[in-house]
Amino acid sequence: MTTPYEQLDAWIDAHFDEQVRFLQELVRVPTDTPPGNNAPHADRTAELLAAMGLQAEKHSVPASEVQAAGMQSITNLVVRRPYSAGGITIGLNAHGDVVPPGEGWTHDPYGGEIADGNMYGRATAVSKSDFSSYTFAVRALESLGLPLEGGVELLFTYDEEFGGELGPGWLLEKGLTKPDLLLAAGFSYQVITAHNGCLQMEVTVHGKMAHAAIPESGVDALQGAVHILNALYAQNTLYKQVTSGVEGINHPYLNVGRIEGGTNTNVVPGKVVFKLDRRMIPEETPAEVEASIRKVIADAAAQVPGISVDIKRLLLANSMRPLAGNQPLVDALQKHGEALFGEPIPAMGTPLYTDVRLFSERGIPGVIYGAGPRTVLESHAKRADERVSLDDLRKATKVVARTLLDMLQAH
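In this text the structure is predicted, and so the values were computed from the model without any measurement.

Draft legend 1. The overall build of the protein chain, seen in detail. For the protein chain, the helix and strand inventory stands at 12 helices and 17 strands. Rg of the C-alpha trace for the protein chain: 23 Å, near the compact-globule value of 22 Å for 411 residues, within the 12% margin. Along the longest, intermediate and shortest principal axes, the C-alpha atoms of the protein chain span 90 × 40 × 40 Å. Every one of the 411 residues in the protein chain was classed for burial, and the buried ones make up 55%. Sequence-distant contacts, at least 24 apart, represent 82% of the contacts inside the protein chain between residues at least 6 apart. The averaged location of the 49 negative side-chain charges in the protein chain is 2 Å from the averaged location of its 34 positive side-chain charges.

Draft legend 2. Quick peek at the pairing of strand 8 (residues 191–195). Most of strand 8 is tucked away, with five of its five residues classed as buried. Pairing of strand 8 with strand 15 (residues 347–350), which is carried by four bridges, proceeds in the parallel orientation. Bridging across to strand 15, Ile 192 finds its partner in Met 348.

Draft legend 3. Region of the structure containing the nonpolar core. Membership of the largest hydrophobic core comes to 81 residues, with the highest contact counts inside it found for Leu 92, Tyr 134, Leu 183, Leu 333, Tyr 369 and Leu 404. At 10 residues, helix 12 (residues 390–408) tops the list of elements feeding residues into this core. Membership of the second largest hydrophobic core comes to 25 residues, among which are Met 201, Val 205, Met 280 and Ile 297.

Draft legend 4. Representation of a nonpolar patch on the surface in the model. Judged by side-chain polarity, Leu 222, Val 226 and Ile 259 come together as a nonpolar surface patch covering roughly 240 Å² of accessible area. Inspection of the secondary structure puts Val 226 in helix 7 (residues 221–239).

Draft legend 5. Main features of the sheet that holds strand 4 (residues 113–115). Read across the open sheet, the three strands follow the order 4-5-17; overall the sheet is antiparallel. If you trace the sheet from one side to the other, it starts and ends with strand 4 and strand 17 (387–389), each paired once. Adjacent strand axes in the sheet meet at a mean angle of 25 degrees when their direction is disregarded. In this sheet, strand 17 lies alongside strand 5 (residues 118–120) in antiparallel orientation, the contact comprising three bridges. Among the inter-strand pairings, Met 119 is bridged to a residue of strand 17, identified as Val 388. Sheet strands in contact with helix 2 (residues 16–27) are strand 4, strand 5 and strand 17, and its direction is about 20 degrees off that of strand 5.

Draft legend 6. Representation of the environment of Val 205 in the model. For Val 205, the position within the fold is in strand 9 (residues 197–206). Under the relative-accessibility criterion, Val 205 is labelled buried at 0%. For the pair Val 205 and Gln 409, spaced 204 residues apart in sequence, the C-alpha separation works out to 59 Å. For Val 205, the contacting residues outside a window of four places in its chain are Ala 221, Gly 224, Ala 225, Ile 228, Gly 270, Lys 271, Val 272, Phe 274, Ile 307 and Ser 308.

Draft legend 7. Local environment of the sheet that holds strand 11 (residues 253–261). The four strands are arranged 11-13-9-14 in an open sheet whose pairing can be described as antiparallel. In this open sheet, the two edge strands, each paired with only one partner strand, are strand 11 and strand 14 (308–317). The sheet shows a mean angle of 20 degrees between the axes of neighbouring strands, direction not considered. Pairing of strand 11 with strand 13 (residues 271–280) involves eight bridges; the strand directions are antiparallel. Bridging from a neighbouring strand, Leu 254 pairs with Arg 278 of strand 13. Docked against the sheet, helix 7 engages strand 9, strand 11, strand 13 and strand 14, running at close to 10 degrees with respect to strand 13. Packed onto the sheet, helix 8 (residues 286–302) meets strand 9, strand 11, strand 13 and strand 14 and runs at close to 160 degrees relative to strand 14.

Draft legend 8. Focus on helix 8. Compared with the 24 Å implied by 1.5 Å per residue over 17 residues, the 24 Å span of helix 8 between its first and last C-alpha is a close match. Inspection of helix 8 places Pro 286, Val 289, Glu 290, Ile 293, Val 296, Ile 297, Ala 300 and Ala 301 among the buried residues, and these make up the whole buried set. Viewed end-on, helix 8 has its buried residues packed into an arc of 125 degrees, placing them on one side of the element. Among the exposed residues of helix 8, those pointing more than 90 degrees away from its buried face are Ala 287, Glu 288, Lys 295 and Ala 302. Considering only its buried residues, helix 8 is in contact with strand 9, helix 7, strand 11, strand 13 and strand 14.

Draft legend 9. Representation of the side chain of Arg 402. In this fold, Arg 402 is placed in helix 12. Within the structure, the side chain of Arg 402 is placed 2.7 Å from the side chain of Asp 9, a separation counted as a polar contact. Not counting chain neighbours up to four residues away, the residues in contact with Arg 402 comprise Tyr 5, Leu 8, Asp 9, His 336, Ala 339 and Leu 340.

Draft legend 10. Up close: the packing of helix 5 (residues 128–143) against helix 12. Axis separation between helix 5 and helix 12 bottoms out at 8 Å; the angle between their running directions is 45 degrees. The angle between helix 5 and helix 12 falls in the class oblique. Here helix 5 runs over helix 12; the crossing is right-handed. Across the interface between the two elements, Ser 129, Ser 132, Ser 133, Tyr 134, Phe 136, Ala 137, Val 138, Ala 140 and Leu 141 from helix 5 touch Leu 393, Thr 397, Val 400, Ala 401, Leu 404, Leu 405 and Leu 408 from helix 12. Looking at the contact of helix 5 with helix 12, its residues break down into 12 nonpolar, four polar and no charged.

The rules behind the values
Residues numbered from 1 in each chain as written. Predicted model: local features only at pLDDT ≥ 70, side-chain atom pairs only at ≥ 80, totals over all residues. Heavy atoms only, no water. Helix = DSSP H or I, 4+ residues; strand = E, 2+ residues; numbered from the N terminus. Rg over C-alpha atoms; globule rule 2.2 N^0.38 Å. Buried < 20%, exposed > 50% of the residue type's maximum accessible area, 1.4 Å probe, protein only. Contact = heavy atoms within 4.5 Å. Lys, Arg positive; Asp, Glu negative; His and termini not counted. Charge placed at Lys NZ, Arg CZ, Asp CG, Glu CD. Pairing = 2+ DSSP bridges. Core = buried A, V, L, I, M, F, W, Y, C linked by side-chain atoms within 4.5 Å. Patch = residues over 30% accessible without salt bridge, like charges linked within 9 Å, V, L, I, M, F, W, Y side chains within 5 Å. Areas by Shrake-Rupley, 256 points an atom, 1.4 Å probe, with all protein chains shown as cover. Salt bridge = Lys/Arg side-chain N within 4 Å of Asp/Glu carboxyl O. Axes fitted to C-alpha atoms, helices over the stretch in contact; angles between N-to-C directions. Expected span 1.5 Å × (residues − 1). Arc of directions from axis to C-beta. Polar contact = N/O pair within 3.5 Å; in protein donor to acceptor, adjacent residues only side chain to side chain. Parallel < 35°, antiparallel > 145°, perpendicular 65-115°, else oblique. Left-handed = near helix turned anticlockwise from the far one by under 90°. Nonpolar A, V, L, I, M, F, W, Y, C, P; charged D, E, K, R; others polar.

Encoded structure:
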């Protein structure tokens, strides 16, 4: 007599080739953000889901809101699978938007090519893989024909790279979803229960343009920017003295990821713009962090005569802290993860920030778990030759299916 767990595993094994083809189809529709033209991918996903008997609601974000956020189109998908009036609803959320491929690939970034037991392509690891793991876990669960309580919602969204406000944030704000628990796209060898916050800012340093032959007639905005940047980078030394109590998260960090300015080689630059990213550990208060950064910039600018500065906040993503109520989900994922992967699956934090925080901010306990390797580095996410191990994909799908059965089986 086979157990329900064994029946789930067997169904996933029998349908794994179909699951792989589904993921390949998702990878072959680009969702580079920027530019962020993501509605075509949602349309294709809905079409593929419909062929499996899963009807997806299409929720298009108004073009004006999407364009104001710097993207072109967003259609978020919701697949509702209600099982009974009682019990809990579990949301399964993965994002389809990704950063552009960049250079250095040895495989087609939109090919979904399979080699050495891996599938290669942009978003194979983060997080189109979990479109497939969550979809096939739900299908496996329903194949058992057992009485289930509550329900499941597949939430496939398209605004993680720009902060999530027009993805999960938009669905939550419009009342289109409000699950009791959330499982969000992640990797297979740890259950993530907390993550860093992120503050992103654009700093514009104003000077006065002048001919390079008579530099004293101008004010060099680049020299002013260098002075400010040195003051900001000095903060990283101080941040290393601040440690988080959350396993997997170390200390705050500041990175300047983009800088541009000047008009020509023979002109004293009159304006320089740079963008910074400040990672916040869960123990920090975002308002205090932002005030501190603004003060560092203002104090440094004041030391350079003739310089003025404009500061614009681009993103404020709160950290995610564990919420009461997530423990049964954590326990089930750890139990089945250890059984299927043959090693303990720790519950810990991550220095990344994600759009899962948008659920926790509304009191919805969430954890992060899905298909992928031990580290972001191994997955090549946001780098060339991003890949997911097909073995990890298969096992993670089984872990999620077993966990859903534990949480939703009628007793």
